Amino acid sequence: MSLSEIYNNRELLEVARKAIEDELIVWRDDRTSMLNRRNGLVIFERDGSPSSIIRFGAEDALVIGLKAIEKHLNDRT
C-alpha cells in the first residue's frame, strides 16, 4: 500500500486519529507532558476546560498514528 493510498483512506486516517487521541488522553490523565516544547498537541482537560499544556509533539503523533495504521493493516491480513 502506498503512502498516498493511506492518507486518502478515511478508515485508516480514523484509526490514526483515534490512536493519537487515546494517547493524548493517557498523557493528560497521567499529568504527563514534554518539557521545553514550544509547540505540539494539547487536549482539553477532563472537565472540558481548555489546557495550555503541550503533551507531545507532532512527530510523536505521527509515529503513534503510523504504528496504529500498521497494526490495523496487519490485523486485517
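Computed from a prediction, not measured in an experiment: that's the story for all the values here.

1. Here we look at the side chain of Ser51
In step 1: Structurally, the position occupied by Ser51 is in the loop between helix 2 (10-29) and helix 3 (58-76).
In step 2: At 3.2 Å, the side chain of Ser51 and the side chain of Glu45 are in polar contact.
In step 3: Beyond its immediate stretch of four places on either side in the chain, Ser51 contacts Val42, Ile43 and Glu45.

2. What to know about unusual backbone geometry
In step 1: With a phi angle near 60°, Arg31 is a residue other than glycine that sits in the positive phi range.
In step 2: Relative to the assigned elements, Arg31 resides in the loop between helix 2 and helix 3.
In step 3: Of note in the backbone geometry, Asn36 takes a positive phi value of approximately 60° without being a glycine.
In step 4: Of the residues examined, Asn36 reaches a relative accessible area of 77% and is grouped as exposed.

Calculation notes
- Residues numbered from 1 in each chain as written.
- Predicted model: local features only at pLDDT ≥ 70, side-chain atom pairs only at ≥ 80, totals over all residues.
- Heavy atoms only, no water.
- Helix = DSSP H or I, 4+ residues; strand = E, 2+ residues; numbered from the N terminus.
- Polar contact = N/O pair within 3.5 Å; in protein donor to acceptor, adjacent residues only side chain to side chain.
- Contact = heavy atoms within 4.5 Å.
- Buried < 20%, exposed > 50% of the residue type's maximum accessible area, 1.4 Å probe, protein only.

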